[in-house]
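For reference, the chains in residue letters:
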Amino acid sequence: MPNTTGKKIKIGVIGASGYTGADLIRLAACHPGMEISALAANTHAGKPLADVFPHLGFVDAPPLVKAEEVDWSSLDAVFCGLPHGTAQDIIATLPESVKVIDMSADFRLKDTSTYAKWYGREHAATHLLEGAAYGLTEHNREAIRAARLVACPGCYPTATLLALLPLVAAKLVDASDIIVDAKSGVSGAGRSLKQNILFSEAGEGLSPYAIAGHRHAPEIEQEISKAAGANVFVNFTPHLVPMSRGELVTCYVRLAGSHTAADLAAALAERYAGEPFVKLAPKGTLPSTQFVRGSNFCLIGVYADRIPGRAIVVSTIDNLVKGSAGQAVQNFNLMFGFEETAGIAQQPLFP
Ligand SMILES: NC(=O)C1=CN([C@@H]2O[C@H](COP(=O)(O)OP(=O)(O)OC[C@H]3O[C@@H](n4cnc5c(N)ncnc54)[C@H](OP(=O)(O)O)[C@@H]3O)[C@@H](O)[C@H]2O)C=CC1
Ligand SMILES: CC(=O)N[C@@H](CCC(=O)OP(=O)(O)O)C(=O)O
């Protein structure tokens, strides 16, 4: 139902002093139907927003406070940009009347033993799991529209699944033979100080991490398996790239039957025709993180491999926009009946 009331939706952001929180505030400030009513943080609580993020000094927003100081029942929606674990603990305390758009990993995995294995703790809010909709907007609109809690996908799964789900569902590729070679800018690791993202250690270098052990592998597998109708493993290796934002995944796939790379491109073009945020790279061009920077777009390219029977699918997003805050706003728009593009229609920032 379109939102025709003209009434602003009161939103809160928990984790407002983090990177996803900051991009959420940046987008909310330009949204026609949002009123930023509460901002919560932890160590930065007590500060004006401009002290934490000077670039957000132009936004009309309240100061950051501790989550327990906010009257959440006075709000309509809460965006949550907290570390996993902390997210479920705080979300479980929010009143039922508030819709929640979570950017953490806490409500993405449906299987609690898989969650415990990959996140190192038992899930403590399982009563909320069943009703949580997986927030890959283009593939789960009806559930997102009806949900009280939406679990936005991880940034790597977003780029990967947008490229591969239609191909797996149409059985154009062999779901059991997928290799995802992924690259991310350092903002993907969040704003807290970590040695591997220090300029002196991440700059001018390129390194893989979490080989055969990244927690986005089971998330990708959950969704690919659903589309394939069978449990599959996906080979997934992330790399840290010395740029601030942007993410690109190169997916190596085996073609099913006598299908060609052109068939894959045609299937993706058909599946995403009319989608405002997912586009195929024009023939002869290659996706680059620079072509989606700062935007909610996902740009996908499909190429025939030199090896017969194989193809290469490249997908790129901005990890902080389509990979988190932008997709969160896209889901909010569905949940509250706004145009899906409201607040997130800006074009990429280039160069
Ligand atoms: N960065 C990215 O590209 C993406 C991140 N995500 C996920 O989104 C979530 C947020 O990520 P990101 O913004 O990068 O993280 P940051 O590290 O940049 O920010 C974390 C935020 O959580 C707050 N916080 C931390 N611990 C607590 C606590 N115990 N109680 C209350 N608040 C707390 C911090 O407050 P303070 O600073 O005041 O201490 C800060 O506002 C994570 O789950 C992340 O995995 C998902 C997709 C992409
Ligand atoms: C570069 C970098 O460190 N990126 C992060 C991905 C961030 C993300 O999407 O994390 P969640 O699944 O917790 O939301 C990582 O690999 O852990």
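What you see is a predicted model, and the numbers here were worked out from it, not measured in a lab. Residue indices begin from 1 for each chain and proceed along its sequence in written order. Starting at A for chains and at 1 for ligands, labels are handed out in the order in which the entities are written. Local features in this predicted model are restricted to residues whose pLDDT is 70 or higher, and side-chain atom pairs enter the listing and the counts only when it is 80 or higher, whereas totals over whole chains, interfaces and linings include all residues.

## Quick notes on the site of ligand 1
The line we're drawing: Nearness here has a simple definition: the residue's C-beta atom, placed using the backbone, must lie within 6 Å of the molecule or strand. Here a strand is any run of E in DSSP of at least two residues, a helix any run of H or I of at least four, and the numbering for each starts at the N terminus. Throughout this entry, Asp, Glu, Lys and Arg are counted as charged residues, while Ala, Val, Leu, Ile, Met, Phe, Trp, Tyr, Cys and Pro are counted as nonpolar. The remaining residues, Gly among them, count as polar. Where each domain begins and ends is defined by an automated method or by a domain database.
As a structural note, the neighbourhood of ligand 1 is formed by 31 residues, with G18, N42, S104, G190 and R191 the closest of them. Listed by contribution, the elements that provide at least two residues to the shell around ligand 1 are helix 1 (19-28) and helix 11 (321-335). Along the lines of polarity and charge, the residues of the shell around ligand 1 split into 10 nonpolar, 20 polar and 1 charged. Both domains that furnish three or more residues to the shell around ligand 1 are identified here as domain 1 (9-153 + 323-335) and domain 2 (156-319).

## Section: the UniProt feature "active site" (unreviewed entry) in the protein chain
Condition: UniProt positions are given in the numbering used here, feature names are shortened, and annotations may be inferred rather than shown by experiment. Partly exposed residues are those whose C-beta has more than 12 but fewer than 20 other C-beta atoms within 10 Å; 20 or more makes a residue buried and 12 or fewer makes it exposed, with C-beta atoms placed from the backbone. Residues are defined as contacting one another if the C-beta atoms placed from their backbone atoms lie within 7 Å.
In the numbering used here, UniProt assigns the "active site" (unreviewed entry) feature to C155. Of note, C155 is situated in helix 7 (residues 155-169). Looking at C155, the number of C-beta atoms within 10 Å reads 29, which means it is buried. In this structure, C155 is in contact with S184, G188, E247, I317, N319, G323 and S324, ignoring residues within four places of it in sequence.

## A closer look at helix 1
By the criterion of burial, helix 1 is predominantly enclosed, with 10 of the 10 residues buried. Here helix 1 has its buried residues at Y19, T20, G21, A22, D23, L24, I25, R26, L27 and A28. Buried residues in helix 1 make contact with strand 1 (9-14), strand 2 (34-40), strand 4 (77-80) and helix 11.

## Focus on the sheet that holds strand 14 (residues 310-317)
Where we set the bar: For two strands to be treated as a pair, DSSP must find no fewer than two bridges joining them. Axis definition: a line fitted to C-alpha atoms, limited for helices to the stretch in contact. Angles are taken between N-to-C directions and run from 0 to 180 degrees.
Ordered in space as 9-10-8-11-14-13-12, the 7 strands form an open sheet in which the pairing is mixed. Every other strand in the sheet has two partners, leaving strand 9 (207-208) and strand 12 (278-280) as the edge strands with one partner each. Where strand 8 (residues 173-185) lies against strand 11 (residues 247-255), 8 bridges are found, and the strand directions are antiparallel. For A182, the partnering residue across the bridge sits in strand 11 and is V249. Lying over the sheet, helix 10 (residues 261-271) contacts strand 12, strand 13 (298-304) and strand 14, oriented at roughly 160° with respect to strand 13.

## Some words on the sheet that holds strand 6 (residues 133-134)
Taking strand neighbours across the sheet as the criterion, the 7 strands line up as 3-2-1-4-5-7-6 in an open arrangement whose pairing is parallel. Either end of the sheet is taken by a strand with one partner, and the two such strands are strand 3 (64-65) and strand 6. Helix-sheet contacts for helix 1 involve strand 1, strand 2 and strand 4, and the interaxial angle to strand 1 is about 160°. Running over the sheet, helix 11 touches strand 4, strand 5 (99-102) and strand 7 (149-151) and is turned about 155° from strand 5.

## Some details on the environment of L268
By the element assignment, L268 lies in helix 10. If we ignore the near neighbours within four places in the chain, the residues touching L268 are P166, L280, I300 and V302.

## Details of the environment of V70
Checked against the element boundaries, V70 lands in the loop between strand 3 and strand 4. Classification of V70 by C-beta neighbours within 10 Å gives partly exposed; the count is 19. Sequence separation between V70 and Y115 is 45 residues, and the spatial gap between their C-alpha atoms is 29 Å.

## Some points on unusual backbone geometry
F350 connects to P351 through a cis peptide bond whose omega is 0°. Positionally, P351 belongs in the segment after helix 11.

## What to know about the UniProt feature "domain: Semialdehyde dehydrogenase NAD-binding" (unreviewed entry) in the protein chain
Residues given the UniProt feature "domain: Semialdehyde dehydrogenase NAD-binding" (unreviewed entry) here are residues 10-147. From the first C-alpha to the last, residues 10-147 spans 18 Å; its make-up is 28% helix and 17% strand.

## Considering the confidence of the model for the protein chain
Put simply, the test is: The score called pLDDT rates the predictor's confidence residue by residue, from a low of 0 to a high of 100.
For the protein chain, the average pLDDT comes to 97, and 99% of its residues sit at 70 or higher. Across the predicted assembly, pTM comes out at 0.98 and ipTM at 0.98.

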